[in-house]
Amino acid sequence: MLDGHAASVEATAGTPPKAISIWTHEDAGSREFKVLKKAAGKFNRRQHAYRVEITSSLRRDYKSWVHRGAATGTLPCLLGFDGPLLAEFAWSQYLQPIDRFVTPELLNDFLPSIVAQGTYQGRLYSLGQFDSGVALWGNRRYLRAAGVRIPTLESPWSLEEFEQALAKLAALKDLDYAINFSIYVRHDEFYSYAYAPILQGFGGDLIDRRSYHTARGVLDGPQSVAAMKHFQQWVQKGWTRVVSDRQNDFGSGKAALSWTGHWGYPAYRQALGKNLLLMPLPDFGRGIKTGMGSWAWGISSTCHEPAGAWAFLVDLLSPGEIVRMTNINGAMPARHSALARSPLYGPRGPLRFFVRQLGIGGVPRPTTPVYGTISKTFAEAVGDIVAGADVQSELSQAVDIIDQTIAAHHGYPYP
């Protein structure tokens, strides 16, 4: 069971299978849900000690659903959740550590980013089937027309070269603007996921990661302020813009660059064909930094059959199931053995670049219970900054809220 292959479970003769309840954020009609359901069906047929029962969120707010489940004692055995929620759920004692189940051989096959995402206070609480990444997508035709060099991981754009490229591209008559940052009216998790690498590239961050007890001097420090002032200038100069009525300006040829994740590939490839370029994020002075992390699985603290939950989780985390899922959702396989078999991310896959960039500059979102507050306040600050507000003031206000939340929870002492 512990080597990452299908677990061997046996039921006592005449004993009915024990139910293993699962909650997933996937809508019951999605392709991802169908892959998960198929995996559960195979597990249920292969053995008779346990029976997996899956419940979809049915479009409910997932985080609130989990909190209500914990309050009412109705959490499932196996719980899916977005990586940034790990610390909050572990600190709240919704989860139990799974490291007792995991062998070093199995753990070493996972991408380091997956292990980092699933670890809180030195204990492993989650593992996932896939990871993510942010990059620059480019339209080769426009870069050639503007005389802009195509960057590589070995020679990414510097801040100066990036801004020069934006200015040249914005001057092309065929374009509405140079780069789509996916700045929409809504302020959601994407802002922290995709724009924190800009802070980190300048030497700033969302919080002081040495203690996780304050964001003061980090989120509102000089490096972060400089990063967001440049971001604001990119908007003010017309190199990017807020887009509220459409979401495919890059694919439709209205922008030459797109700053977004791996999920853009299918539509971009169909729209641009051989003109599609996949390029590294710029080096703003502290090396390439990229967003990472995605949905993962953990066993609830109230699960009465953790061995059964782990048995099914082993199946989900097998290379075969990982490849089946990532072929559907386009995400990065979480295990090296699965990467080798992936048509998208394998040695000749069109998205293998994401794996290399993640190894160079992947930065996990802060593993702290206050992350939900960080994400919300930073997204709101970015929205105001884009609208022209004072950068220092907005970031300092965000810090005040974050630090007040930390203080209200006495620094989030580990139970």
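Residues numbered from 1 in each chain as written. Predicted model: local features only at pLDDT ≥ 70, side-chain atom pairs only at ≥ 80, totals over all residues. Heavy atoms only, no water.

On to the confidence of the model for the chain. Considering every residue of the chain, the mean pLDDT works out to 93; 96% of them sit at 70 or more. Across residues 1-7, confidence stays below pLDDT 50; counting only partners more than four residues off in sequence or on other chains, it has 23 contacts. (pLDDT = per-residue confidence, 0-100. Contact = heavy atoms within 4.5 Å.)

Glancing now at the sheet that holds strand 8 (residues 134-139). Taking strand neighbours across the sheet as the criterion, the 4 strands line up as 9-10-8-11 in an open arrangement whose pairing is mixed. The outermost strands of the open sheet, each flanked by one partner alone, are strand 9 (177-180) and strand 11 (276-279). Put simply, the sheet's adjacent strands are angled 20 degrees from each other on average, direction ignored. Taken strand by strand, helix 7 (residues 159-170) contacts strand 8, strand 9 and strand 10 (255-261), and its axis lies near 125 degrees from that of strand 9. Against the sheet, helix 14 (residues 352-361) touches strand 8, strand 10 and strand 11, its axis set at about 135 degrees to strand 8. (Pairing = 2+ DSSP bridges. Helix = DSSP H or I, 4+ residues; strand = E, 2+ residues; numbered from the N terminus. Axes fitted to C-alpha atoms, helices over the stretch in contact; angles between N-to-C directions.)

What follows covers the side chain of glutamate 394. Locating glutamate 394 in the fold gives a position in helix 16 (residues 391-408). As a buried residue without a salt bridge, glutamate 394 has its nearest oppositely charged side chain in lysine 376, at a separation of 12 Å. Residues in contact with glutamate 394, not counting those within four places in the same chain, are Ala381, Asp384, Ile385 and Ala389. (Buried < 20%, exposed > 50% of the residue type's maximum accessible area, 1.4 Å probe, protein only. Lys, Arg positive; Asp, Glu negative; His and termini not counted. Salt bridge = Lys/Arg side-chain N within 4 Å of Asp/Glu carboxyl O.)

If you add up the space inside the largest pocket, you get close to 1,100 Å³. Lining the largest pocket are 31 residues, and of these Asp82, Glu189, Phe190, Trp295 and Arg365 lie nearest its centre. For the lining of the largest pocket, the elements supplying multiple residues, two or more each, are helix 2 (62-72), strand 7 (130-131), helix 8 (189-202) and helix 15 (371-386). Element by element, the count of residues in the lining of the largest pocket is highest for helix 15, at 6 residues. For the lining of the largest pocket, the residue count by class is 11 nonpolar, 9 polar and 11 charged. Here the second largest pocket defines a volume of roughly 280 Å³. Forming the boundary of the second largest pocket are 13 residues, of which Ser182, Tyr184, Gln247, Thr260 and Trp263 lie nearest the centre. Considering only residue class, the lining of the second largest pocket consists of 5 nonpolar, 6 polar and 2 charged. (1 Å grid on protein atoms, 1.4 Å probe; cavity = no way out; pocket = protein on both sides within 12 Å on 5 of 7 lines; lining within 4 Å. Points joined across faces, edges and corners; volume = space filled by probe spheres on them. Nonpolar A, V, L, I, M, F, W, Y, C, P; charged D, E, K, R; others polar.)

Right, let's get into the packing of aromatic side chains. Per the stated rule, a full pass over the model turns up 31 aromatic pairs. Between tryptophan 91 and tyrosine 412, the ring centres sit 4.9 Å apart and the planes meet at 80 degrees, which makes this aromatic pair edge-to-face. Of this pair, tryptophan 91 sits in helix 3 (residues 86-91) while tyrosine 412 sits in the segment after helix 16, and the two are 321 residues apart along the sequence. A relative accessible area of 9% places tyrosine 412 in the buried class. (Phe/Tyr/Trp six-rings, centres within 6.5 Å; stacked < 30°, edge-to-face > 60°.)

Right, let's get into the nonpolar core. Membership of the largest hydrophobic core comes to 114 residues, with the highest contact counts inside it found for Leu169, Tyr195, Ile198 and Trp259. When residues in this core are grouped by element, the largest group, 9 residues, is from helix 8. Trp23, Leu79, Leu86 and Ala87 belong to the second-largest nonpolar core, a separate cluster that totals 16 residues. (Core = buried A, V, L, I, M, F, W, Y, C linked by side-chain atoms within 4.5 Å.)

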